[in-house]
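A closer look at the structure
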Amino acid sequence: MTQATDAAAAARALFTALSDHPPAGLWSAPGRVNLIGEHTDYNDGFVLPFAIDHRTYAVVGIRDDDRIRVASTLAEAPVDVPLDVLDRLFPSVGSPVVAQWAAYPLGVAWALRQAATAGGRTTPATGVDIAIASDVPVGAGLSSSAAIEGAVASALNDVWGRGLDPVALARIGRRAENEAVGAPTGIMDQMASMLGRPDAAILIDCRSLHTEVVDLGLDAADLVLVVIDTRVSHAHATGGYRDRREACERGAAAMGVAALRDLTVDDLARAERAMDATTFRRVRHIVTEDQRVLDTVRTLREQGPTAIGPLLDASHASMRDDFEISTPELDMAVEAARAAGAIGARMTGGGFGGAAIALTPRDRVDEVELAVASTFDEAGFAPAHVFTVVPSDGARRDE
Ligand code: ADP
Ligand code: MG
């Protein structure tokens, strides 16, 4: 855990350099990895992510004026605005008025103030200084964005005495990302970052936002989650995401349901007759993926983690063949990991690049890493970044 301690220390040091005020505390929130349930979130379906052992830390101190100042070890300069200007800055989709990174913490402050007003609370928000440092790799598919949102939302919720619960804070983070940053994401990342538990995943019903902690039991089974970051990100990722969302909407409309979540595998024969072949394959991925998430939860509870390998493999095949969001690098990562002893593997995240995860017996982790390195080298692919992640605690106050 030296890394984590380093990031916390870096946040404290940055705060000391930034502010004349005493710190009120230290808060943190983790990145996440999705175990299974891909592209199901915007179809009102099920996802099963877990929080990871990489966190973003925020030290916050109360100012004696009405300004909010944010600094990050990743940014050149702090950003400083009067609190009441936040309502004029946001929503700002497509026309960021502040540095892109600052829209995450300032957007959280904005959304939290708005939520507090909507709830009828009148406690005025005081000015604050916020210093941020992180050991969540940025842009690697581990959701450093949810981590910064979760750390700042948790801190301001306490400092401003809002008393919102973790699910409400996840909504605040999502609103910041959607309306202040302008990224059209679902709520999975924020929920995982807020609600994570050690050695557990979080089942999220993306329609009701009902959540359940699902024990993974990886420690007892001597299993490890290996992430294989291909470090490839395709330029058509945004267009591909939009296209898949549209296909899902078309499929739901053709079936007369509000969202694909409302279909089951028994409806697929009828769906095949109701739409064109490509739309049908997109629909089949979502419908079978929802079922795989529920099957994974049941299997974990009844048989433990050693039995979920085939579900991870089936999820990957569905994304490769039906949803068509995998890449040669991701397919190779999955195949190399399986051949080297992983009991199941799949690409994780939005697709068109990014990372795969492989559920691996502890004594096979080195072999998986070597196998990925040599197959990537033989194929002429750039080296992948291979590391392990440990399902960990969600957002919390550290000091
Ligand atoms: P991911 O969430 O997969 O890491 P995103 O593009 O969603 O990638 O979010 C990354 C962005 O979030 C960064 O470009 C930056 O603007 C912001 N961000 C994340 N962590 C930090 C941090 N510690 N300091 C400043 N900005 C951050
Ligand atoms: Mg993100």
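Since this is a predicted model, take the numbers as computed values, not measurements.

Analysis parameters
- Residues numbered from 1 in each chain as written.
- Chains lettered and ligands numbered in written order.
- Predicted model: local features only at pLDDT ≥ 70, side-chain atom pairs only at ≥ 80, totals over all residues.
- Heavy atoms only, no water.
- Helix = DSSP H or I, 4+ residues; strand = E, 2+ residues; numbered from the N terminus.
- Rg over C-alpha atoms; globule rule 2.2 N^0.38 Å.
- Buried < 20%, exposed > 50% of the residue type's maximum accessible area, 1.4 Å probe, protein only.
- Contact = heavy atoms within 4.5 Å.
- Lys, Arg positive; Asp, Glu negative; His and termini not counted.
- Charge placed at Lys NZ, Arg CZ, Asp CG, Glu CD.
- Axes fitted to C-alpha atoms, helices over the stretch in contact; angles between N-to-C directions.
- Parallel < 35°, antiparallel > 145°, perpendicular 65-115°, else oblique.
- Nonpolar A, V, L, I, M, F, W, Y, C, P; charged D, E, K, R; others polar.
- Salt bridge = Lys/Arg side-chain N within 4 Å of Asp/Glu carboxyl O.
- Pairing = 2+ DSSP bridges.
- Domains from an automatic or database assignment.
- Buried area = accessible area lost by both parts, 1.4 Å probe.

**Description of the overall build of the chain**
- Along its length, the chain carries 13 helices and 13 strands.
- For 399 residues, the compact-globule formula gives about 21 Å, and the C-alpha radius of gyration of the chain, at 21 Å, lands near that figure.
- Out of the 399 residues in the chain, the part that is buried amounts to 57%.
- Contacts spanning at least 24 positions in sequence make up 73% of the contacts within the chain whose residues lie at least 6 apart.
- Separation between the mean location of the 36 positive side-chain charges and that of the 56 negative ones in the chain comes to 5 Å.

**As for the packing of helix α8 (residues 237-255) against helix α10 (residues 277-302)**
- Between α8 and α10, the least distance of the axes is 9 Å, while the angle of their chain directions is 90°. With respect to α10, the element α8 is oriented roughly perpendicular. Residues Arg244, Ala247, Cys248, Arg250 and Gly251 of α8 lie in contact with α10, whose contacting residues are Thr279, Arg282, Val283 and Ile286.
- Taken together, the residues of the contact of α8 with α10 break down into four nonpolar, two polar and three charged.

**Section: the pattern of salt bridges**
- Counted by the stated rule, this structure contains 26 salt bridges.
- Residue Asp243 is joined to Arg244 by a salt bridge in which the shortest nitrogen-to-oxygen separation is 2.7 Å.
- Residue Arg244 is classed as buried on the basis of its relative accessible area of 8%.
- The partner of Asp393 in a salt bridge is Arg396, and the shortest N-O contact between them spans 3.8 Å.
- Accessibility expressed as a relative area gives 28% for Asp393, which makes it partly exposed.
- Taken together, the salt bridges that share partners define one network made up of Glu38, Glu289, Arg292 and Arg346.

**What about the pairing of strand β8 (residues 211-215)?**
- As paired strands, strand β7 (residues 200-205) and β8 are joined by five bridges and run antiparallel to one another. From the neighbouring strand, Ala200 faces β8, where its bridge partner is Asp215.

**Regarding the domain arrangement of the chain**
- In terms of domains, the chain is made up of domain 1 (3-212) and domain 2 (215-389).
- Facing the 28 residues of domain 1 at the interface are 43 residues of domain 2.
- Buried area between domain 1 and domain 2, summed over both chains or domains, comes out near 2900 Å², and the portion from carbon and sulfur atoms is 63%.
- The tally of links between domain 1 and domain 2 comes to four salt bridges.
- The partner of Arg261 in a salt bridge is Asp205, with the nearest N and O atoms 2.8 Å apart.
- Elements with a contribution of two residues or more to the side of domain 1 that touches domain 2: β1 (23-34), β2 (46-47), β3 (49-62) and β7.
- Broken down by element, the residue count for the side of domain 1 that touches domain 2 peaks at four residues, all from β7.

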